[in-house]
Amino acid sequence: MSAATSTAHDVVRVAAVGDIHLSEDCEGLLRPAFSRLKDCADLLLLAGDLTRHGTAEEAAVVAGEVKDSGVPVVAVLGNHDYHSGQESEVTRVLQDAGVSVLEGEAVVLPVAGRKVGIAGAKGFCGGFVGRSAGEFGEPEMKAFVRTTRLSAERLTAALGDLAVGDCAVRIALTHFSPVPDTLAGEPLEIYPFLGSYLLAEAIDSAGADLAVHGHAHLGTEHGMTAGGVRVRNVAQPVIRQAFALYQLPVDGHHAPDGAPGPTAGPPA
């Protein structure tokens, strides 16, 4: 059954992966798995760090992997995608392949006769409640924290746009983590560089049915915001698959605890 004909199920099937880190020698690595997406998913979310060094040439490899996958593809960039200062070119190459690349923006997709909204922002560092950096002191520190604050504000605005758009499902897509839960397994010393509580505050204040991120390669898949929004770390080294698959009821309510967990995608 294709994504376009999934009306028999009152769920949205979300495939998601981040941190695939493709370089020019990775052509064809994920295409076999992504070519089967239309049989099991309604959309694909890419949670940043899609390239290894952030070049347009590497972005072209990513574009080739997801092009003609048969489902809409929505992405945010990650820190690796910014490394070479070619983030605009990386974005353009992905957009030319039909990928919606979000940074403080939202996109609404028609899925099984319903509206599914995705709000995306890369996010940034800063840490979590009780152990976080403040926008105080030197200009460098103020600029560091301001970057996260502004990203969180853009995410709030994008989710807010979806709230008034009659979406059956709303998803927050970031690269950096909004919660410390999904960082378990990473060294505590680097938690402040893996995410920020400001992203979780944005998600809780505007509302979402699921939050998806990457970045934490040694982290844990499952987490939750203080407001009860489920968070999933889909960094490929964590999920160990080409993608993870989550099913979200279209009424906006999560399946109860104890329901079957996400279905793993085909191995990379």
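Parameters at a glance
Residues numbered from 1 in each chain as written. Predicted model: local features only at pLDDT ≥ 70, side-chain atom pairs only at ≥ 80, totals over all residues. Heavy atoms only, no water. Axes fitted to C-alpha atoms, helices over the stretch in contact; angles between N-to-C directions. Helix = DSSP H or I, 4+ residues; strand = E, 2+ residues; numbered from the N terminus. Parallel < 35°, antiparallel > 145°, perpendicular 65-115°, else oblique. Left-handed = near helix turned anticlockwise from the far one by under 90°. Contact = heavy atoms within 4.5 Å. Nonpolar A, V, L, I, M, F, W, Y, C, P; charged D, E, K, R; others polar. Salt bridge = Lys/Arg side-chain N within 4 Å of Asp/Glu carboxyl O. Buried < 20%, exposed > 50% of the residue type's maximum accessible area, 1.4 Å probe, protein only. pLDDT = per-residue confidence, 0-100. Polar contact = N/O pair within 3.5 Å; in protein donor to acceptor, adjacent residues only side chain to side chain. Pairing = 2+ DSSP bridges. Core = buried A, V, L, I, M, F, W, Y, C linked by side-chain atoms within 4.5 Å.

1. Quick notes on the packing of helix H5 (residues 139-163) against helix H6 (residues 197-206)
Contact geometry for H5 and H6: axes closest at 9 Å, N-to-C directions at 20 degrees. Between H5 and H6, the angle falls in the class roughly parallel. Considering how the two elements wind past one another, H5 and H6 form a crossing that is right-handed. Residue-level inspection shows Thr148, Arg149, Ala152, Leu155, Thr156, Leu159 and Gly160 of H5 in contact with H6, the latter providing Leu198, Leu199, Ala202, Ile203, Ser205 and Ala206. When grouped by side-chain class, the residues that make up the contact of H5 with H6 number eight nonpolar, four polar and one charged.

2. Here's the deal with the pattern of salt bridges
Counting across every chain of the model gives eight salt bridges. For Arg31, the salt bridge identified is with Glu65, shortest N-O distance 3.3 Å. Taken as a pair, Arg31 in helix H1 (residues 31-34) and Glu65 in helix H2 (residues 56-66) lie far apart in primary sequence, 34 residues in all. A salt bridge links Arg146 to Glu135; its shortest N-O distance comes to 3.3 Å.

3. Quick look at the side chain of Ser177
With respect to the helices, strands and loops of the structure, Ser177 is situated in the loop between strand E9 (169-173) and H6. The contacts of Ser177, once residues within four sequence positions are left out, are Phe128, Thr182, Leu183, Leu194, Gly195, Ser196, Leu199 and His213.

4. Notes on unusual backbone geometry
The phi dihedral of Asp49 is positive, around 50 degrees, even though this residue is not glycine. Positionally, Asp49 belongs in the loop between strand E2 (43-47) and H2. With phi around 80 degrees, His215 is a residue other than glycine that occupies positive phi space. Position of His215 relative to the elements: it lies in the loop between strand E10 (210-213) and strand E11 (222-224). According to the relative accessible area criterion, His215 is buried, its value standing at 13%.

5. Considerations on the confidence of the model for the protein chain
Chain-level pLDDT for the protein chain is 90 on average; 90% of the residues reach the 70-or-more range. Within the model, pLDDT remains below 50 along residues 1-8, and this stretch shows 17 contacts once partners closer than five positions in the same chain are excluded. In the model, residues 252-268 has pLDDT below 50 throughout and makes 34 contacts with residues more than four positions away in sequence or in other chains.

6. Brief notes about H6
For the α-helix, the turn length of 3.6 residues means that residues three or four positions removed from each other point alike. Regarding H6, the residues found buried are Leu198, Leu199, Ala200, Ala202, Ile203 and Ala206. As for H6, its buried residues are in contact with H5, E9 and E10. A distance of 3.0 Å separates the backbone nitrogen of Leu198 from a side-chain oxygen at the start of H6, and that oxygen is part of Ser196. Positioned one or two residues after H6, Gly207 has a phi angle of 95 degrees, which is positive.

7. Comments concerning the sheet that holds strand E12 (residues 230-233)
Sheet architecture is open: six strands sit in the order E5-E6-E9-E10-E12-E11, paired in mixed fashion. This sheet does not close on itself; its edge strands, each paired only once, are strand E5 (105-111) and E11. Across the sheet, the mean angle separating the axes of adjacent strands is 25 degrees when strand polarity is ignored. Here five bridges tie strand E6 (residues 114-120) to E9, and the two strands are oriented parallel to one another. In the strand pairing of E9, Ala119 is matched with Ala172. Each of E5, E6 and E9 is contacted by H5, which is oriented at about 170 degrees to E6, the strand it contacts most.

8. Concerning the nonpolar core
Ranked by internal contacts, the top residues of the largest apolar core, which has 59 residues, are Leu44, Leu45, Leu94, Ile118, Ile171 and Val212. Ranked by residues supplied to this core, first place goes to H2 with six residues. Contact partners of Leu94, with chain neighbours within four places excluded, come to Leu50, Ala59, Val62, Ala63, Leu77, Val99 and Val101. Membership of the second largest hydrophobic core comes to 22 residues, among which are Cys125, Cys167, Ala202 and Ala208.

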